Amino acid sequence: MTQTANRARLVLGNWKMHGSLADNAALLDALRAADAASHCQIGVCVPFPYLAQTAQALAGSAITWGAQDVSAQAKGAFTGEVSASMLKEFGCRWALAGHSERRTLHGESDQLVADKARAALEQGLTPVVCVGESLEQRESGDTLAVIERQLAPVLALGREAVAAMVLAYEPVWAIGTGRTATPEQAQEVHAAIRAALTKLGAPQVQVLYGGSVKAANAATLFAMADIDGALVGGASLVAEEFLRIAAN
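Residues numbered from 1 in each chain as written. Predicted model: local features only at pLDDT ≥ 70, side-chain atom pairs only at ≥ 80, totals over all residues. Heavy atoms only, no water.

If you look the chain up in an unreviewed UniProt entry, it shows as Triosephosphate isomerase from Bordetella genomosp. 5. Turning to the chain, the UniProt annotation filed under Subcellular location (unreviewed entry) states: "Cytoplasm". Per UniProt, the chain has the following entry under Catalytic activity (unreviewed entry): "D-glyceraldehyde 3-phosphate = dihydroxyacetone phosphate". (UniProt positions renumbered as here; feature names shortened; annotations may be inferred.)

Rendered as structure tokens:
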């Protein structure tokens, strides 16, 4: 493992729009029973309706939890939105911001993603800011330019703010497709992100990889110098698989 001692391994599960009270109970009980946090930092980002269940199931454990989105607004007439202060009441540690599905399906702009990250920080949550390119952008050779554009308003929040975040590189073409960036492809982008963080004065920010991460490919990804863990989608719904990823 080539990571520095100051950048701990972090594995976060993103349940997306999956779950039921019964299924969640079994999954959360399995995670807690396995004491997965002994291998690394581990957390789950769950749908809003299941935050109470997750908080109760994981209370007192080393496993953390969070939400898959957060409003950029503090309060007001924003029907359907959930504020950072509401998430804080459920003991959330994490709030995803800018996942590619939010950017694509809900038209979230780079600036809105930065605004959401700022709102999370103001309530003491750790935003997990996601960036990534489409297949067309990769094939056009625009990957690094896209990442730079997506990161620009986030980095503009300043060193202190960015130092309190987590970043996640998720190539859109590898999310839920079964395709995964090669370790070398992922490392190239992670290295560029690390260079931008270093220039800002926040080199120790954890940068995760997401995109069809499985136990079978986690070890090779984690061996890369600038990959500090994973944001896991579908595999996080299967306790055994998720725990095997965290054990790498």
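What follows concerns the nonpolar core. With 63 residues, the main nonpolar core has Val 44, Leu 87, Ile 193, Tyr 209 and Ile 245 as its most contacted residues. Beyond its immediate chain neighbours, meaning those up to four positions away, Ile 245 contacts Val 11, Val 213, Lys 214, Ala 215, Ala 218, Phe 222, Val 232 and Ala 235. Within the second largest apolar cluster, 11 residues are counted, among which are Leu 96, Val 128, Val 166 and Leu 208. (Core = buried A, V, L, I, M, F, W, Y, C linked by side-chain atoms within 4.5 Å. Buried < 20%, exposed > 50% of the residue type's maximum accessible area, 1.4 Å probe, protein only. Contact = heavy atoms within 4.5 Å.)

With that out of the way, let us pick up the sheet that holds strand E4 (residues 94-97). Taken in spatial order, the 8 strands close into a barrel running E1-E2-E3-E4-E5-E6-E7-E8, and their pairing is parallel. Strand-to-strand twist in this sheet, taken as the mean axis angle between neighbours without regard to direction, amounts to 25°. Both strand E6 (residues 166-169) and strand E7 (residues 207-210) contribute to a ladder of 3 bridges, which runs parallel. Opposite Leu 167, over in E7, you have Val 207 as the bridge partner. Along the sheet, helix H9 (residues 183-200) contacts strand E5 (126-131), E6 and E7; its crossing angle with E7, the most-contacted strand, is approximately 155°. Packing against the sheet, helix H11 (residues 239-246) makes contact with strand E1 (10-14), strand E2 (41-46) and strand E8 (229-232), and its axis sits at approximately 155° to E1. (Pairing = 2+ DSSP bridges. Helix = DSSP H or I, 4+ residues; strand = E, 2+ residues; numbered from the N terminus. Axes fitted to C-alpha atoms, helices over the stretch in contact; angles between N-to-C directions.)

Let us look at helix H7 (residues 143-155). Across its 13 residues, H7 extends 18 Å between first and last C-alpha, which sits within 8% of the 18 Å expected from 1.5 Å per residue. Among all positions of H7, only Thr 143, Val 146, Ile 147, Gln 150, Leu 151, Pro 153 and Val 154 are buried. (Expected span 1.5 Å × (residues − 1).)

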